[in-house]
Amino acid sequence: MPTNEQRRANAKRKLERQQERRAQRARRNRLIAIVGAALAAVAVVIAVVLTFVLTNQDKNKQASTAGSSPTSNAFPGVPPLPSFKPPANLGANCQYPPSPDPASKPVKPPRTGKVPTDPAQVSVSMVTDQGNVGLLLANNESPCTVNSFVSLATQKFFDGTQCHRLSTSPTLSVLQCGDPKGDGTGGPGYQFANEYPTDQYKPDDPKAHEPVVYPRGTLAMANSGPNTNGSQFFMVYKDSQLPPEYTVFGKIQDDGLATLDKIAKGGVAGGGEDGSPTIPVTITSVRLD
């Protein structure tokens, strides 16, 4: 038979074991609570970050397409401009032979032969009496065209010239400029070959003559036939349909698009869809930034 002292010792050890087990359970519960709270906090942070990223992506997507008509909705079945793939001889031999008509304004032809494609882009500020038009020239895609445009700009060929043509048709929304005569017949006295997107097609490819979408913000050369580029250019203020026979050599910055929208809103003088803009537009200067 255990003595009273032994019974008290056994009871004391039993009580101590019970207290230790209760302490362990309490510590475990506290740890579980802490881990659970931490995981919940991490989940909240992840949710906030994902919401921020997705919201910004949506905003960026909206900003990138603001003011332009999605190609799939505006022109069903009409493909976009082809992806640019550098031709083997890009910028290797730029030539500017005389055109049938003499220069409308005294100017020297640009340098010929090989021209650099670096820097890839050339920033230009065009000032008109209707507002500024910032341009970003694609020197890495159409270097011969950029070489000519920069040459004309530095010689002040465009200064004081009028943008003579506004088109507001459902398939062509452009403002055309670059003619000192102001009637669409003038030029620099030389001409040169097409570049992008014409150079993305083989000569016998029928798609080279089928319409594609020139998106809003496109800066491209006007011409009177294959390889007859001169000084006239057009700026696309709304997605337009054209065969890929007009050299794209840059894009229009946001300030320029705002200026174009204002001019286009005024419409064509005398009504109609093509002609002189109701709001006269004179280029004050074109300068490299």
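Quick caveat: nothing in here was measured; it's all calculated off a predicted structure.

(A) Quick peek at the confidence of the model for the protein. Residues at a pLDDT of 70 or more form 75% of the protein, whose mean pLDDT is 85. Across residues 48–72 the pLDDT falls below 50, and counting only partners more than four positions away or on other chains, this stretch makes twelve contacts in the model.

(B) The pattern of salt bridges, seen in detail. Taken as a whole and assessed by the stated rule, the structure comprises three salt bridges. Where Asp-274 meets Arg-165, a salt bridge forms, and the shortest distance between an N and an O atom there is 2.9 Å. Of this pair, Asp-274 sits in strand β11 (residues 274–275) while Arg-165 sits in strand β4 (residues 165–168), and the two are 109 residues apart along the sequence. Judged by relative accessible area, Asp-274 falls into the partly exposed class, the value being 42%.

(C) Layout of the sheet that holds strand β7 (residues 218–221). Strand order in this open sheet of ten strands is β3-β12-β1-β2-β10-β7-β8-β5-β4-β11, and the pairing throughout is antiparallel. Looking along the sheet, the strands with just one partner apiece sit at the ends: β3 (161–162) and β11. Of the pairings in the sheet, the one linking β7 to strand β10 (residues 248–252) comprises three bridges and is antiparallel in character. Bridge assignment links Thr-218 to a residue of β10, and that residue is Lys-251.

(D) Molecular detail of the side chain of Asn-229. As for its placement among the helices and strands, Asn-229 is situated in the loop between β7 and β8 (233–238). Classification of Asn-229 by relative accessible area gives buried; the value is 0%. Of the polar contacts made by the side chain of Asn-229, one reaches the backbone oxygen of Phe-192; its length is 3.0 Å. A polar contact of 2.8 Å, which involves the side chain of Asn-229, links it to the side chain of Asn-194. In this view, Asn-229 contacts Tyr-190, Gln-191, Phe-192, Ala-193, Asn-194, Met-221, Ala-222, Asn-223 and Thr-247; residues no more than four positions away in its chain are not counted.

(E) Spatial organisation of the state of the cysteines. Under the definition given, this model contains two disulfides. For Cys-94, the disulfide goes to Cys-144, at an S-S distance of 1.9 Å. Negative torsions about the S-S bond denote left-handed disulfides, and the value of about -80° found for Cys-94 with Cys-144 makes this one left-handed. Placement of the pair is Cys-94 in the loop between α2 (71–74) and β1 (121–128) and Cys-144 in helix α3 (residues 143–154), with a sequence separation of 50 residues. Neither Cys-94 nor Cys-144 differs from the other in exposure class; each is buried. Cysteines bonded in the protein are numbered consecutively along the chain; their disulfide partners then correspond to 1-2, 3-4.

Reading the values: rules and limits
Residues numbered from 1 in each chain as written. Predicted model: local features only at pLDDT ≥ 70, side-chain atom pairs only at ≥ 80, totals over all residues. Heavy atoms only, no water. pLDDT = per-residue confidence, 0-100. Contact = heavy atoms within 4.5 Å. Salt bridge = Lys/Arg side-chain N within 4 Å of Asp/Glu carboxyl O. Helix = DSSP H or I, 4+ residues; strand = E, 2+ residues; numbered from the N terminus. Buried < 20%, exposed > 50% of the residue type's maximum accessible area, 1.4 Å probe, protein only. Pairing = 2+ DSSP bridges. Polar contact = N/O pair within 3.5 Å; in protein donor to acceptor, adjacent residues only side chain to side chain. Disulfide = S-S within 2.5 Å.

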